[in-house]
Amino acid sequence: MSRKIIIDTDPGQDDAVAILLALASPQELDVLAIVAVAGNVGLHHNATNARKIVELAGRSDIPVYAGCSGPMRRTLVTAEHVHGETGLDGPDLPDPTVPLQTQHGVDYIIDTLMAAAPGTITLCALGPLTNIAMALIKQPAIAARIAEIVLMGGAYFEVGNITPAAEFNIYVDPEAADVVMRCGAPITMLPLDVTHQMQSTPARLAAMLAIGNNSATAAHAMLTFSETFDLVKYGWAGAPLHDPTVIAFLLLPELFEGRRCNVSIETTSELTRGMTVADYWHVTNRDRNVNYLRNGDAEGFYDLLLDRLARLP
Ligand code: BDR
Ligand code: CA
């Protein structure tokens, strides 16, 4: 039986590839909806981009919702310098025709979890955690009904990418991340420690382009655009690929390794705002609230991604 998931996202080229990977895997994953959140760029662009991606994958039946337009208590920080003005610069995708749902994304998350049997819906978080935190605050009873929250965010050994101390998704809305970390639902984190290992090298991008279908060709254009900034920044052979690790973990968890430990969020310091303090060595007695993944098999990850992209239109 396929696992029911809701994808909460700020697409985002790497978010888009994650959504494509999920939509290419219907035997394992039943994507109930996509909920947009403000992050890489503004909410309006992210919601439009999500609609473009479901159409690209030939899945106009997947409903797309818009959630929160900014963090809980902070001014929105965006990343046009990485993702372009639209957030999805690179491929030339047509304007979407599938309508945006009228219900607010936070209410959709609450209603869906409250209506389903407990433990049957997994939340996949690919952007700032604003929508999920707001849903937890508005209806705390959802915490006990979430099967798992699998999120791309944070870093411990690789520390930060938007500041020296913080990863972008957590930095943008640290108060939301704090709410999520304390909510009591099972949490798996895919931090920079893993995603920095998943480098989109020229050979891997060439293999993506060689697939030849519309989805893989667009994914290649997206990643070719978004890696420009990172290649200069890191000087590596390929740019990190972040958000698809969340979906890859659901499909092939054996590609990843880590351990349960406490993760707490820095919300008060300006210098280290949004730092994910992971007690990886268990030096405290704090609650082991997170399955913290530290390493991943990059070859296995790209084999999976390329195999699944080839199944799309
Ligand atoms: C995260 O930030 C965004 O720019 C990416 O889409 C990813 O979710 C990486 O830090
Ligand atoms: Ca993202």
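Residues numbered from 1 in each chain as written. Chains lettered and ligands numbered in written order. Predicted model: local features only at pLDDT ≥ 70, side-chain atom pairs only at ≥ 80, totals over all residues. Heavy atoms only, no water.

A.B. asks: Would you take a moment to explain the nonpolar core for this structure?
C.D. replies: Soluble, globular proteins show a tendency: their nonpolar side chains are buried together. Membership of the largest hydrophobic core comes to 58 residues, with the highest contact counts inside it found for Ile 5, Ile 7, Ile 34, Ile 247 and Phe 256. For this core, the element with the highest residue contribution is helix α1 (residues 13–23), accounting for eight residues. Sequence-distant contacts of Ile 5, that is, excluding residues within four places in its chain, are made with Ala 22, Leu 29, Asp 30, Val 31, Leu 32, Ala 33, Thr 122, Cys 124, Ile 247 and Leu 250. With 40 residues, the next largest nonpolar core counts Val 35, Leu 129, Val 180 and Cys 261 among its residues. (Core = buried A, V, L, I, M, F, W, Y, C linked by side-chain atoms within 4.5 Å. Buried < 20%, exposed > 50% of the residue type's maximum accessible area, 1.4 Å probe, protein only. Helix = DSSP H or I, 4+ residues; strand = E, 2+ residues; numbered from the N terminus. Contact = heavy atoms within 4.5 Å.)

A.B. asks: Just to check I follow, could you spell out the coordination of the calcium ion (ligand 2) for this structure?
C.D. replies: Each pair of donors in an ideal four-coordinate tetrahedral metal site encloses 109.5 degrees, whereas pairs in an ideal six-coordinate octahedral site enclose 90 or 180 degrees. Donor atoms from the polypeptide that coordinate the calcium ion (ligand 2) comprise Asp 10 (OD), Asp 15 (OD), Asp 15 (OD), Leu 126 (O) and Asp 243 (OD), at 2.2 to 2.6 Å from the metal. Here the donor residues of the calcium ion (ligand 2) are spaced in sequence according to D-x4-D-x110-L-x116-D. Here the residue Asp 10 occupies a position in the loop between β1 (3–9) and α1, and Leu 126 occupies one in the loop between β4 (121–125) and α5 (130–138), the gap between them amounting to 116 residues. We classify Asp 10 as buried; its relative accessible area is 0%. (Donors = N, O, S within 2.8 Å, 3.2 Å for Na, K, Ca; no water.)

A.B. asks: How should I be thinking about the pairing of β4 in this particular structure?
C.D. replies: Summarising burial for β4: five of the five residues are buried, a large majority. Side chains Ile 121, Leu 123 and Ala 125 of β4 all project onto a buried face; the interleaved residues Thr 122 and Cys 124 project onto the opposite face, where all are buried too. Across five bridges, the pairing between β4 and strand β5 (residues 146–152) is parallel. Directly across from Ala 125, in β5, lies its bridge partner Leu 151. As a crossover connection, the stretch from β4 through α5 into β5 is right-handed. (Pairing = 2+ DSSP bridges. Right-handed = clockwise from strand over helix to strand, strands pointing away.)

A.B. asks: Is there a simple way to think about the packing of aromatic side chains in this case?
C.D. replies: Centre-to-centre distance and the angle between the planes together describe a pair of aromatic rings. Summed over the entire model, instances satisfying the criterion amount to nine aromatic pairs. Seen from their ring centres, Tyr 65 and Tyr 108 are 4.1 Å apart, and the 20° between their planes marks the pair as stacked. Within this pair, whereas Tyr 65 is found in strand β3 (residues 64–66), its partner Tyr 108 is found in helix α4 (residues 105–115), the two being separated by 43 residues in sequence. Summarising the burial analysis for this pair, Tyr 65 and Tyr 108 share the class buried. Ring centres of Phe 157 and Tyr 280 lie 5.3 Å apart, and the angle between their planes is 90°; on these two criteria the pair is classed as edge-to-face. Note that Phe 157 is positioned in the loop between β5 and α6 (168–172) and Tyr 280 in the loop between β11 (276–278) and β12 (290–296), a separation of 123 residues in sequence. Residue Phe 157 is classed as partly exposed on the basis of its relative accessible area of 30%. (Phe/Tyr/Trp six-rings, centres within 6.5 Å; stacked < 30°, edge-to-face > 60°.)

A.B. asks: Could you clarify how one ought to interpret the pattern of salt bridges in this entry?
C.D. replies: It is possible for side chains bearing opposite charge to pair when their charged atoms get close. Scanning all chains against the criterion turns up 11 salt bridges. Between Asp 107 and Lys 138 there is a salt bridge, with its nearest N and O atoms 2.6 Å apart. Here Asp 107 is found in helix α4, whereas its partner Lys 138 is found in helix α5, with 31 residues between them in sequence. The partly exposed category is assigned to Asp 107, whose relative accessible area is 22%. Residue Lys 138 is classed as exposed on the basis of its relative accessible area of 53%. Counted as one network, the salt bridges with shared partners bring together Glu 28, Asp 307, Arg 308 and Arg 311. (Salt bridge = Lys/Arg side-chain N within 4 Å of Asp/Glu carboxyl O.)

A.B. asks: Help me understand the packing of helix α9 (residues 202–211) against helix α10 (residues 214–234) in this model?
C.D. replies: Geometrically, a packed helix pair is captured by the angle between its two axes and the distance between the axes. Running from N to C, α9 and α10 cross one another at 150°; their axes reach a closest spacing of 7 Å. Looking at the two axes, α9 sits roughly antiparallel to α10. Crossing geometry of α9 relative to α10 is assigned as left-handed. Facing α9, whose interface residues are Leu 205, Met 208, Leu 209 and Ile 211, α10 presents Ala 216, Thr 217, Ala 219, His 220, Leu 223, Thr 224 and Glu 227. Class assignment for the residues of the contact of α9 with α10 results in seven nonpolar, three polar and one charged. (Axes fitted to C-alpha atoms, helices over the stretch in contact; angles between N-to-C directions. Parallel < 35°, antiparallel > 145°, perpendicular 65-115°, else oblique. Left-handed = near helix turned anticlockwise from the far one by under 90°. Nonpolar A, V, L, I, M, F, W, Y, C, P; charged D, E, K, R; others polar.)

A.B. asks: Help me understand the site of ligand 1, please; the structure alone is not making it clear to me.
C.D. replies: For ligand 1, the full set of nearby residues is Asp 14, Asp 15, Asn 40, His 83, Leu 126, Met 152, Asn 161, Glu 167, Phe 168, Asn 169, His 242 and Asp 243. Asn 161 places a side-chain nitrogen or oxygen 2.8 Å from an oxygen atom of ligand 1. Here Glu 167 contributes a side-chain N or O atom positioned 2.4 Å from an oxygen atom of ligand 1. Protein contacts shield 95% of the accessible area of ligand 1, which totals 280 Å² for the unbound molecule. Assessed atom by atom at 2 Å from the grid points, ligand 1 resides in the largest pocket. Contributions of two or more residues to the shell around ligand 1 are made by α1 and α6. (Near = heavy atom within 4 Å. Polar contact = N/O pair within 3.5 Å; in protein donor to acceptor, adjacent residues only side chain to side chain. Areas by Shrake-Rupley, 256 points an atom, 1.4 Å probe, with all protein chains shown as cover. 1 Å grid on protein atoms, 1.4 Å probe; cavity = no way out; pocket = protein on both sides within 12 Å on 5 of 7 lines; lining within 4 Å. Sits in = over half its atoms within 2 Å of the grid points.)

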